[in-house]
Amino acid sequence: MKTTGRHAKLAVSSDGAGIVGQAGGVLLTQTLRATGLDQALSAGLERWRKPRATHDPGKVVADLAVMLALGGDCLSDIAVLRAEPELFGPVPSDPTVSRLVTSLAQAGPQALRAIRKARSSARARAWELAAEHAPGTGGGLIPVDLDATIVLAHSEKEHAAPTWKRTFGFHPMTAFIDHGPGGTGEAAALVLRPGNAGSNTAADHITAGRLALNQIPTRLHKQVIIRTDAGGGTHEFLGWVTARRLKYSIGFNLTDDICAAILALPEHVWQAAYDADRQARPGAWVAELTGMLDLTGWPKGMRVIVRRERPHPGAQLRFTDIDGHRFTCFVTGTRHGQLADLELRHRRRARCEDRIRCAKDTGLRNLPLHSAAANQVWLELVALAADLTAWTQMLAFADHPARRWEPKRLRLRVFSTAARLARGGRRLRLRLARHWPWSGLIASAIGRLQMLPAP
């Protein structure tokens with residue numbers, strides 16, 4: 001039998017010179033420079049620099065964030081950066097990295113505040129540079145989505161416990177700043193919690209919400225809208241949100257009173273719900289229940305809106321499904337706008353699930369350290385990596401579909417590309433492969449970032 005293809009015999013050697021891998025990682029280092037995150041981390045973590053130490057703790061933390069953005073999932077993966085000193089500068093050894101993480105974990109809240117403060121200042125700078133491509137431009141809303149997720153543990157680690165899904169691990173609370181359909185999102189807060197932590201614990205929602213607000217410039221707080229699932233629909237959390245005069249759109253559990261009110265609704269009050277393109281969606285309707293419920297004790301001006309839809313074929317009905325329809329509720333303080341628009345705005349909170357999935361592709365899938373304090377430091381590194389990736393896309397790919405690419409696609413097409421380093425005329429030149437389909441995109445993106453002034 002004859003083969004249909006012909007392949008030349010491949011000879012392999014390890015003597016190539018001037019070739020670098022992960023050349024697209026230059027985008028991340030240029031974003032570090034443009035946003036001032038490198039300088040902010042160096043200034044904030046200076047107190048943890050040992051006498052006569054060679055490596056700056058801020059640079060080490062920034063390197064760990066770049067490593068996670070490139071796809072690493074443990075501290076030793078920083079070797080990928082160490083192998084390319086021309087691109088990423090001097091990178092410390094694994095023991096040096098481990099000792100720094102241990103020192104930061106022992107410092108506890110003091111170290112976490114330093115890292116979070118650096119992220120906050122860099123975020124303000126990134127949004128300033130992004131101009132019309134930044135969240136909240138033109139007075140628009142800045143959605144902050146809160147949700148909890150399960151992270152499995154395969155060994156006995158501090159605070160690892162059985163979860164409600166009958167697994168074993170952790171149940172961190174997350175808060176993400178949504179960029180809307182034209183972009184991705186930023187990790188405003190990642191809070192470590194034991195695996196048996198509740199989904200509707202108000203104190204944890206308040207902690208995540210407070211940390212998220214600290215990441216957003218104060219002048220923009222009036223544009224923030226807090227969105228959660230029904231886990232956030234508690235008296236305490238809603239009281240905290242309204243006390244700060246924040247907008248909100250929060251899921252609400254179906255109580256007996258709500259079910260009775262739904263059954264009492266006349267058919268003519270139901271309005272067609274919208275799909276993602278703001279078109280009427282067949283088989284889905286929305287209505288308001290506010291005037292039919294006793295809302296004593298809840299925030300003043302709170303509205304209760306219900307969605308009715310026919311379950312998709314094959315869906316298993318639940319005990320809360322009434323008359324063959326599935327119902328979900330949410331509450332909001334927004335006074336104006338069509339019910340379908342308010343419900344669509346709330347339903348877009350589901351993008352938080354995409355952000356969590358991307359974070360799990362950027363180091364959140366596994367917490368590799370033993371102590372809870374060290375794993376909280378790891379979560380801060382994950383948040384740094386998620387922010388760095390989002391800022392790179394916002395600043396370098398503002399008008400390109402790559403702004404919406406998830407980490408896997410970014411790494412395959414952009415970050416992992418190889419190149420040749422050429423020296424001449426006192427300059428270092430990065431020569432990307434001519435045949436690589438995305439070389440032009442990478443080159444123009446790097447040039448765009450290099451034109452941005454450092455703070």
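Structure shown above.
Here is what the cut-offs are and how they apply
Residues numbered from 1 in each chain as written. Predicted model: local features only at pLDDT ≥ 70, side-chain atom pairs only at ≥ 80, totals over all residues. Heavy atoms only, no water. Helix = DSSP H or I, 4+ residues; strand = E, 2+ residues; numbered from the N terminus. Buried < 20%, exposed > 50% of the residue type's maximum accessible area, 1.4 Å probe, protein only. Phe/Tyr/Trp six-rings, centres within 6.5 Å; stacked < 30°, edge-to-face > 60°. Lys NZ or Arg CZ within 6 Å of the ring centre and 35° of its normal. Pairing = 2+ DSSP bridges. Lys, Arg positive; Asp, Glu negative; His and termini not counted. Salt bridge = Lys/Arg side-chain N within 4 Å of Asp/Glu carboxyl O. Contact = heavy atoms within 4.5 Å.

## Focus: unusual backbone geometry
- Its identity is not glycine, yet H159 carries a phi of approximately 75°, on the positive side.
- By the element assignment, H159 lies in the loop between β3 (151-152) and β4 (161-162).
- H159 gets classed as partly exposed once you look at its relative accessible area, which sits at 42%.
- Look at R278: it is not a glycine, yet its phi comes out positive at around 60°.

## Re the packing of aromatic side chains
- Across all of its chains, the model carries four aromatic pairs by this definition.
- Geometrically, the ring pair formed by F252 and W298 is edge-to-face, given 5.0 Å between the ring centres and 70° between the ring planes. One end of the pair, F252, is in strand β9 (residues 247-252); the other, W298, is in the loop between β11 (280-288) and β12 (303-309), with 46 residues separating them in the sequence.
- Ring centres 6.1 Å apart and planes at 50° place the aromatic pair W270 and F327 in the tilted group. Separated by 57 residues along the polypeptide, W270 in the loop between α10 (256-264) and β10 (271-274) and F327 in strand β13 (residues 326-332) bring together distant segments of the chain. For the residue pair W270 and F327, the accessibility class agrees, reading buried in each case.
- Over the ring of W270 we find R308; its NZ or CZ atom is 4.5 Å from the centre of that ring.
- For R413, the ring lying beneath its charged end belongs to W405, and the centroid distance is 5.1 Å.

## Details of the sheet that holds strand β1 (residues 19-20)
- In space, the three strands of this open sheet follow the order β1-β14-β15, with antiparallel pairing throughout. Every other strand in the sheet has two partners, leaving β1 and β15 (427-432) as the edge strands with one partner each.

## Overview of the side chain of R403
- Summarising the element assignment, R403 is placed in the loop between α13 (372-396) and α14 (407-415).
- The buried charged residue R403 lacks any salt bridge, with E186 as its nearest oppositely charged partner at 6.6 Å.
- Each residue touching R403, except ones within four places of it in the same chain, is listed here: H133, H179, G182, G183, T184, Q393, M394, F397 and A398.

## Some thoughts on the pattern of salt bridges
- Following the criterion strictly, the structure yields 23 salt bridges and no others.
- Here R349 ties to D147 by a salt bridge, and the two come within 3.7 Å at their closest N and O atoms. With R349 in the loop between α11 (339-347) and α12 (351-364) and D147 in strand β2 (residues 142-148), this pair connects stretches of sequence that are 202 residues apart. Per residue, the accessibility class of R349 equals that of D147, and both read buried.
- Close ionic contact of R308 with E267 constitutes a salt bridge, the shortest N to O distance being 2.9 Å.

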